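# Understanding the architecture of this molecule
So you can see what is in the structure, the chains are spelled out below.
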Amino acid sequence: MLAALLISSLSAFATDAIDIKTSHHSARELQEKLELEQLLKKYDVSKYTFTHTVVIEERAMNHAFPVLTLNVHFLGSDDELLSSFLHEQLHWYLAQHRFAMEDAVRQLKAMYPRAPVGLPEGADTEYSTYGHLIDCYLEIQADRELMGRERTDRVIKNKPWYTWIYKTILQDEDRIAALVKAERLELN
């Protein structure tokens, strides 16, 4: 009984620690806010929480900086919303490990000299495409930990952007995992 209460309290703490705001207070933004709040009660994301402010903005592109912002693209899809939330949180984690990220990006450029730039295959810059190989790798690991391999596979398969990045990670997962480990970018 005490253990269950403690676990429940920890989950509630993780949710309380994240301030979710809506940009325009539209019905879709408010619904996404509610869905994200419910997900944060259901899953212990404390290991993956690096910023505690989230804005839901209906017409925005998801982004991590300066404030983690999610659009309503995945409204009604808990797994995809959770994955997007984790993806943007992980950008904050990697920003705290700038030198290791720079080393990893240099190595990734050598491994994949012709990485695409621009959606849907890559990110908006060359550096961002290589950086997303790390961020998306960590996202996949977090997704698997929280929702299992089968649901994660479905989420990643349905991503409409970063298609080359996700495909490359899945094809060369051991190689990218080794690089992440060597650069000490793993989350423990």
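Cut-offs and rules
Residues numbered from 1 in each chain as written. Predicted model: local features only at pLDDT ≥ 70, side-chain atom pairs only at ≥ 80, totals over all residues. Heavy atoms only, no water. Phe/Tyr/Trp six-rings, centres within 6.5 Å; stacked < 30°, edge-to-face > 60°. Helix = DSSP H or I, 4+ residues; strand = E, 2+ residues; numbered from the N terminus. Buried < 20%, exposed > 50% of the residue type's maximum accessible area, 1.4 Å probe, protein only. Core = buried A, V, L, I, M, F, W, Y, C linked by side-chain atoms within 4.5 Å. Contact = heavy atoms within 4.5 Å. 1 Å grid on protein atoms, 1.4 Å probe; cavity = no way out; pocket = protein on both sides within 12 Å on 5 of 7 lines; lining within 4 Å. Points joined across faces, edges and corners; volume = space filled by probe spheres on them. Nonpolar A, V, L, I, M, F, W, Y, C, P; charged D, E, K, R; others polar. Pairing = 2+ DSSP bridges. Right-handed = clockwise from strand over helix to strand, strands pointing away. Axes fitted to C-alpha atoms, helices over the stretch in contact; angles between N-to-C directions.

## Quick notes on the packing of aromatic side chains
- Enumeration over the complete set of coordinates arrives at four aromatic pairs.
- Residues Phe-65 and Trp-92 carry aromatic rings whose centres are separated by 4.8 Å and whose planes lie at 40° to one another, so their mutual orientation is tilted. Here Phe-65 is found in the loop between strand S2 (53-56) and strand S3 (68-70), whereas its partner Trp-92 is found in helix H3 (residues 78-95), with 27 residues between them in sequence.
- Between Phe-74 and Trp-161, the aromatic rings sit 5.8 Å apart at their centres with planes inclined by 55°, giving tilted as the arrangement. Here the residue Phe-74 occupies a position in the loop between S3 and H3, and Trp-161 occupies one in the loop between helix H6 (149-157) and helix H7 (163-171), the gap between them amounting to 87 residues.
- The class for Phe-74 is buried, based on a relative accessible area of 6%.

## Quick look at the nonpolar core
- One finds Leu-36, Val-45, Val-54, Phe-85, Leu-133, Ile-134 and Leu-138 to be the most contacted residues of the largest nonpolar core, which totals 53 residues.
- Take this core: its biggest share by element is 10 residues, from helix H5 (residues 126-147).

## What about the environment of Phe-85?
- Looking at the element boundaries, Phe-85 is found in helix H3.
- Overall, the relative accessible area of 0% leaves Phe-85 in the buried class.
- Placed 23 residues apart in sequence, Phe-85 and Asn-62 show a C-alpha to C-alpha distance of 9.0 Å.
- Among residues more than four places away in sequence, those in contact with Phe-85 are Ile-18, Leu-36, Leu-40, Val-45, Val-54, Leu-68 and Leu-70.

## Some remarks on the layout of surface pockets
- A volume near 730 Å³ is recorded for the largest pocket.
- When residues in the lining of the largest pocket are grouped by element, the largest group, six residues, is from H3.
- Its residues assigned to classes, the lining of the largest pocket shows 12 nonpolar, 11 polar and five charged.

## What about the pairing of strand S1 (residues 19-22)?
- By the alternation rule, side chains of S1 split into Ile-20 and Thr-22, which are all buried, and Asp-19 and Lys-21, of which none is buried.
- Bridge count between S1 and S2: four bridges; the pairing is parallel. Bridge pairing in S2 links Lys-21 to Val-55.
- Handedness of the S1-helix H2 (residues 27-42)-S2 crossover: left-handed.

## What about the sheet that holds S1?
- With respect to topology, three strands assemble into an open sheet ordered S1-S2-S3, the strand pairing being parallel. Edge positions in the open sheet fall to S1 and S3, since each of these has one partner strand only. Sheet twist, expressed as the mean angle between neighbouring strand axes with direction ignored, is 25°.
- In terms of strand pairing, S2 meets S3 through three bridges, oriented parallel. Residue pairing for S3: Ile-56 is matched across the bridge by Leu-70.
- Running at roughly 165° to S1, H2 makes contact with S1, S2 and S3 of the sheet.
- Contacting S2 and S3, H3 crosses the sheet at an angle of about 160° to S3.

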